Amino acid sequence: MERVSFFAEGGPAPKGSTKSFRNARTVAMVTMGDCARTKPWQKVVATFAMQAAVQKASGPVRLELDFFFSRPRYHYGRGKNEETVKERAPVYHGSKPDLDKLIRSVLDALTGIAYADDSQVVEVRAGKRYCASPSQPEGVAVVIVC
C-alpha cells in the first residue's frame, strides 16, 4: 500500500450545493453557491498534492482529511497568556462551513492528480479542528492511501 501525506496551507473553502433541473429529455446538475474562494482553494490543494509527488491511483483510494481553522481571539488568554489556549476552549470547529462541502472541494481538487475520478474514493475520514496556536496555519492535512 502506498501512503502519501501533505499539508495544504490556506483557508479551507467549501464546494457549493448542487441542484438538478429536468426537462423532457435531459437532467442538468448545477452547482449553487460556490464561494469566490473555492477555485483558488482547490488550486492550492492541487499544487501541494503535486509538490508531494502524489501518483495517480488506478484502484480504490482512502483519504484522511483534517481541516484546521484559526481560533477566535476569545479562545486565548490575556496578557502574558495571549498565546495560550484557554482550557475551556473547544478543540473542534463546530460551525460553518459544512464538513461534507469541504470534503467535496478537496475531492474535486485531487481529481486528475491522486485518482482519475473521485468515484475511486472508497473511504474518507475527516474532521474540523481549531489550530493549536496562533502561529499554526489554517489548511488541510491530507493522507492518501492506495
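Just above, that's the structure.
Residues numbered from 1 in each chain as written. Predicted model: local features only at pLDDT ≥ 70, side-chain atom pairs only at ≥ 80, totals over all residues. Heavy atoms only, no water.

### Considering the sheet that holds strand β1 (residues 3-9)
Stage number 1. Pairing is mixed across the open sheet formed by four strands, whose spatial order is β1-β6-β4-β5. In the strand order of this sheet, the two ends are held by β1 and β5 (121-130), each with one partner. Across the sheet, the axes of successive neighbouring strands diverge by a mean angle of 15 degrees, strand direction being ignored.
Stage number 2. Helix-sheet contacts for helix α1 (residues 38-51) involve β1 and β6 (139-145), and the interaxial angle to β1 is about 140 degrees.
Stage number 3. Helix-sheet contacts for helix α2 (residues 99-110) involve β1, β4 (61-69), β5 and β6, and the interaxial angle to β4 is about 125 degrees. (Pairing = 2+ DSSP bridges. Helix = DSSP H or I, 4+ residues; strand = E, 2+ residues; numbered from the N terminus. Axes fitted to C-alpha atoms, helices over the stretch in contact; angles between N-to-C directions. Contact = heavy atoms within 4.5 Å.)

### Remarks on α1
Stage number 1. For α1, with 14 residues, the first-to-last C-alpha span of 20 Å sits near the 20 Å given by 1.5 Å per residue.
Stage number 2. If you check which residues of α1 are buried, you get T38, W41, Q42, V45, A46 and A49. Viewed along the axis of α1, the buried residues span an arc of 135 degrees, placing them on a single side of the element. In α1, those exposed residues whose orientation departs by more than 90 degrees from the buried face are K43, M50 and Q51.
Stage number 3. A53 occupies a position one or two residues after α1 and carries a positive phi of about 60 degrees. (Expected span 1.5 Å × (residues − 1). Buried < 20%, exposed > 50% of the residue type's maximum accessible area, 1.4 Å probe, protein only. Arc of directions from axis to C-beta.)

### Notes on the side chain of S105
Stage number 1. The residue S105 is located in helix α2 in this model.
Stage number 2. With near-sequence residues (within four places) excluded, S105 lies in contact with A13, P14, K15, T38, W41 and Q42.

### With respect to the side chain of Q120
Stage number 1. Summarising the element assignment, Q120 is placed in the loop between α2 and β5.
Stage number 2. Look at Q120 and you get buried, because its relative accessible area is 15%.
Stage number 3. For Q120, the contacting residues outside a window of four places in its chain are A57, S58, G59, P60, V61 and Y115.

### Observations regarding unusual backbone geometry
Stage number 1. Cis geometry marks the peptide bond from K96 to P97; its omega dihedral reads 10 degrees.
Stage number 2. Note on placement: P97 falls in the loop between β4 and α2.
Stage number 3. The backbone of A53 shows a phi angle near 60 degrees, a positive value even though the residue is not glycine.
Stage number 4. Considering the arrangement of structural elements, one finds A53 in the loop between α1 and β4.

### Topic: the environment of T84
Stage number 1. For T84, the position within the fold is in the loop between β4 and α2.
Stage number 2. Taking the C-alpha atoms as reference points, T84 and M1, 83 residues apart in sequence, are found 39 Å from one another.
Stage number 3. Setting aside anything within four residues of it in sequence, one finds T84 in contact with H75, Y76 and G77.

### As for α2
For the α-helix, the turn length of 3.6 residues means that residues three or four positions removed from each other point alike.
Stage number 1. Over its twelve residues, α2 extends 17 Å from the first C-alpha to the last, a length consistent with the 16 Å expected when each residue adds 1.5 Å.
Stage number 2. Turning to α2, its buried residues are L102, I103, S105, V106, L107, A109 and L110.
Stage number 3. Along its buried surface, α2 packs onto β1, α1, β4, β5 and β6.
Stage number 4. Following α2 by one or two positions, G112 has its phi on the positive side, about 90 degrees.

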